[in-house]
Number of protein chains: 2
Amino acid sequence: MRITIIGSGNVATHLAAAFKNAGHSIVQVYSRNLHSASLLAYHVGAEAIDKTENIRPDTDIYILAIKDDAIASFVSRLSTHNKLIAHTSGAVGLQEILKSTPNAGVFYPLQTFSKTKEVNFREVPLCIDGADEAITKTLERLARDISNNVYRVNSAQRKVLHLAAVFACNFTNHLYNIGEQLLAGSDMGFDMLRPLIAETADKIKKHSPGGVQTGPAMRNDEQTMQTHLQMLNGKPDLQEIYTRLSQDIIKNQNTRNWNK
Amino acid sequence: MRITIIGSGNVATHLAAAFKNAGHSIVQVYSRNLHSASLLAYHVGAEAIDKTENIRPDTDIYILAIKDDAIASFVSRLSTHNKLIAHTSGAVGLQEILKSTPNAGVFYPLQTFSKTKEVNFREVPLCIDGADEAITKTLERLARDISNNVYRVNSAQRKVLHLAAVFACNFTNHLYNIGEQLLAGSDMGFDMLRPLIAETADKIKKHSPGGVQTGPAMRNDEQTMQTHLQMLNGKPDLQEIYTRLSQDIIKNQNTRNWNK
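Every chain begins its residue count from 1, and numbering advances along the sequence as written. Each chain gets a letter, beginning with A, and each ligand a number, beginning with 1, in the order they are written. With pLDDT at 70 or above as the cut-off, local features in this predicted model cover only qualifying residues; side-chain atom pairs require 80 or more to be listed or tallied, and sums for whole chains, interfaces and linings still use all residues. As a rule here, side-chain values cover all heavy atoms of the structure and leave hydrogens and water aside.

A. Spotlight on the overall build of chain A. When helices and strands are counted, chain A shows 9 helices and 8 strands. Counting only C-alpha atoms and orienting by the principal axes, one finds that chain A spans roughly 70 × 45 × 30 Å. Categorising residues by exposure relies on relative accessible area from a 1.4 Å probe, with only protein chains included: less than 20% of the type maximum marks a residue as buried, more than 50% marks it as exposed, and the intermediate range marks it as partly exposed. By the burial criterion, 56% of the 260 residues in chain A qualify as buried. Throughout, a contact is declared for two residues whenever any of their heavy atoms are within 4.5 Å. The contacts of chain A with a sequence gap of at least 6 include a subset with a gap of at least 24, amounting to 50%. To measure how exposed things are, a 1.4 Å probe is used in the Shrake-Rupley method; for residues, cover is taken only from the protein chains shown. Accessible surface, chain A: about 11300 Å² in total, of which carbon and sulfur atoms supply 47%. The convention is simple: Lys and Arg are positive, Asp and Glu are negative, and His and the chain ends are not counted. To locate a charge, take atom NZ for lysine, CZ for arginine, CG for aspartate or CD for glutamate. Each charge class in chain A can be summarised by its mean position, and for the 28 positive and 25 negative side chains these summaries are 4 Å apart. Strands here mean DSSP runs of E at least two residues long; helices mean DSSP runs of H or I at least four residues long; both are numbered from the N terminus.

Here you go:
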């Protein structure tokens, strides 16, 4: 397919490279920042542009990898070209862009991307939705060209996925951050925690996280939890986070037992 | 060395196997549960016992891999043999066992172990402490036989490590659990989140977590956070966890900016 990429951030960069590697042709890369557009465009053999009026109509699909609040205005602008438009957001509903065009879909990669880190795109879950079955099938074909994990996901489900990803990815990274800060306060380096973090993530590749939960809250070890809260004296935010997560672990554990 | 293992749980199992593989001799495995002791003892070529009076004095070291609240009484009992005693707990101070014997140390593996999952022990951080320099050196030598990551860690630091591990491992696993529950509520499987979780953990192998934080809170994206809290209506515990962690991310982000 001939693909136009709107955006030049992390998602745009990884998607464009994956499309290119799968044999598709990247027509143009648009970004408000011409330097950023040029870097990506050069990499995938496309034309770099920084003015919306220069976005060409001779393409098969516009892939929007831009901020959520910029999507509606781009869809409205591009809809005059009567080509397929797909956004890549976890949070924006399909209904919201159908107001401007019926030729629309969603191409949402459920992954966290960094520009400097390679990702095996074949393992990235791609969540597809379309205004009609033909659009959905077109987007599914395109998705299968670059990934082995293609799912049909409606707008309501996609929002839940996005929320679940905030817990399992964004919040998890912040817990790593808290761990690093606690160690730094006692002259220890984050390297000491890295193997534990790797193993914790590795464990759930084959298990359900509920089945491998460990720690003081899981054992209902009141004494250790009290000691930990005392150690966090002067850090009320961390005390709150510690208490809330521990209580939720205990509550889950009880529910699990009741259900047995 | 001739090593006696007190305990037959996850830590005992992985430690005994690592010692055996490194060429040490496991003399006995003690557990209140003879079946459990026998399983491990058979695996490492040791004698299985379930009565403390059968613990033999002809050994070089007793490794205690038992519950925290059982450590003191075992140390007191074993101290009559005048052999080196090391416990493997993150939370029990060295001072607490020095009351019974001067021949004591700590051999704390900072890792989460499951009986059914292999761990590359050479990567497990081993945190060593001893009542004197000779004991510390003996335990360090033993530690280096089975791991490349050996650290000297005093009791205060070890307690901080244990606390940091609760955040980075136990609480992280619970966030995975929350992610799975949210998906299940919308007919989606945990497989969809697994690649994201793997990548989130993989990212911090070479980066500091503070430098790779992403998500609505990091962007201060009020609208998405409000939407997420609405989606969690009827789940006040998850709303609290969402709010607390988001606020802490925002606060950290501001501190970081102020420090620039």
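Structure shown, so let's carry the discussion forward.
B. Examining the interface of chain B and chain A more closely. In this assembly, 85 residues from chain B lie in contact with 84 residues from chain A. The salt bridge criterion pairs a side-chain nitrogen of Lys or Arg with a carboxyl oxygen of Asp or Glu, the two atoms within 4 Å. Linking chain B to chain A there are 8 salt bridges. We note a salt bridge from B:Lys251 to A:Asp237, for which the minimum N-O separation is 2.3 Å. Under this definition, polar contacts are N or O atom pairs within 3.5 Å; protein pairs additionally need one hydrogen-donor-capable and one acceptor-capable atom, and for neighbouring residues in sequence, both atoms have to be side-chain atoms. Where chain B touches chain A, the interface holds 36 residue pairs in polar contact (both at pLDDT 80 or more). For the side of chain B that touches chain A, the secondary-structure elements that each account for two or more residues are strand E7 (125-130), helix H6 (155-184), helix H7 (194-203), helix H8 (222-231) and helix H9 (236-259) of chain B. Counting residues per element, the side of chain B that touches chain A draws most heavily on H6(B), which supplies 26 residues. In the side of chain B that touches chain A, the residues fall into 42 nonpolar, 25 polar and 18 charged. We call Asp, Glu, Lys and Arg charged. Ala, Val, Leu, Ile, Met, Phe, Trp, Tyr, Cys and Pro are nonpolar, and the rest, Gly among them, are polar.

C. Structural view of the sheet that holds strand E5 (residues 84-87) of chain A. Residues and elements named next belong to chain A. Ordered by their spatial adjacency, 8 strands build an open sheet running E3-E2-E1-E4-E5-E6-E7-E8, and the pairing between neighbours is mixed. This sheet does not close on itself; its edge strands, each paired only once, are strand E3 (47-49) and strand E8 (150-152). Neighbouring strand axes in the sheet, compared pairwise and without regard to direction, differ in orientation by 25° on average. Helix H5 (residues 133-146) contacts strand E1 (2-6), strand E4 (61-64), E5, strand E6 (104-109), strand E7 (126-130) and E8 of the sheet and is inclined by roughly 160° relative to E7. Strands pair, by our definition, only if DSSP identifies at least two bridges between them. Helix axes are fitted to C-alpha atoms over the stretch in contact, other axes to C-alpha atoms as well, and angles between N-to-C directions run from 0 to 180 degrees.

D. Seen up close, the environment of B:Gln181. Along the chain, the position of B:Gln181 falls in helix H6. Taking the relative accessible area as the measure of exposure, B:Gln181 reaches 38% and is therefore partly exposed. Looking at B:Gln181, its side chain comes within polar contact range of the side chain of A:Asn252, at 2.5 Å.

E. Fine view of the relation of the copies chain B and chain A. Copy-to-copy alignment: least squares on C-alpha atoms, limited to residues at pLDDT 70 or above in both. Mapping chain B onto chain A is achieved by rotating through 180° and translating by 0.0 Å along the same axis, at an RMSD of 0.0 Å. In short, the pair behaves as if placed about a two-fold rotation axis. Judged by C-alpha distance, B:Thr172 is the residue of chain B that lies nearest the rotation axis, at 2.7 Å. Interface residue correspondence from chain B to chain A reaches 99%, placing this contact among same-surface, isologous pairings.

F. Structural context of the sheet that holds strand E1 (residues 2-6) of chain B. Residues and elements named next belong to chain B. The 8 strands lie next to each other as E3-E2-E1-E4-E5-E6-E7-E8, forming an open sheet whose pairing is mixed. Two strands lie at the open edges of the sheet, namely strand E3 (47-49) and strand E8 (149-152), each paired on one side alone. Strand-to-strand, the axes of this sheet are offset by a mean angle of 25°, without reference to chain direction. Taken together, the 4 bridges between strand E4 (residues 61-64) and strand E5 (residues 84-87) define a ladder with parallel strand orientation. When the sheet's bridge partners are listed, Ile63 is paired in E5 with Ala86. Helix-sheet contacts for helix H2 (residues 34-44) involve strand E2 (25-30) and E3, and the interaxial angle to E3 is about 165°.

G. Expanded view of helix H2 (residues 34-44) of chain A. All names here are of chain A. When H2 is considered as a whole, its buried residues turn out to be Ser36, Ala37, Leu40, Ala41 and Val44. Buried positions in H2, seen along its axis, are confined to an arc of 125° and lie on one side of it. Projecting away from the buried face of H2 at angles above 90 degrees are the exposed residues His35, Leu39, Tyr42 and His43. Against the buried residues of H2 lie helix H1 (10-21), strand E2 (25-30) and E3. The residue sitting at the N-terminus of H2 and contributing the capping side-chain oxygen is Asn33; that oxygen lies 3.0 Å from the backbone nitrogen of His35. The directions from the helix axis to the C-beta atoms form the arc being described.

Note that every value here comes from positions in space, so none of it alone points to a role or purpose.
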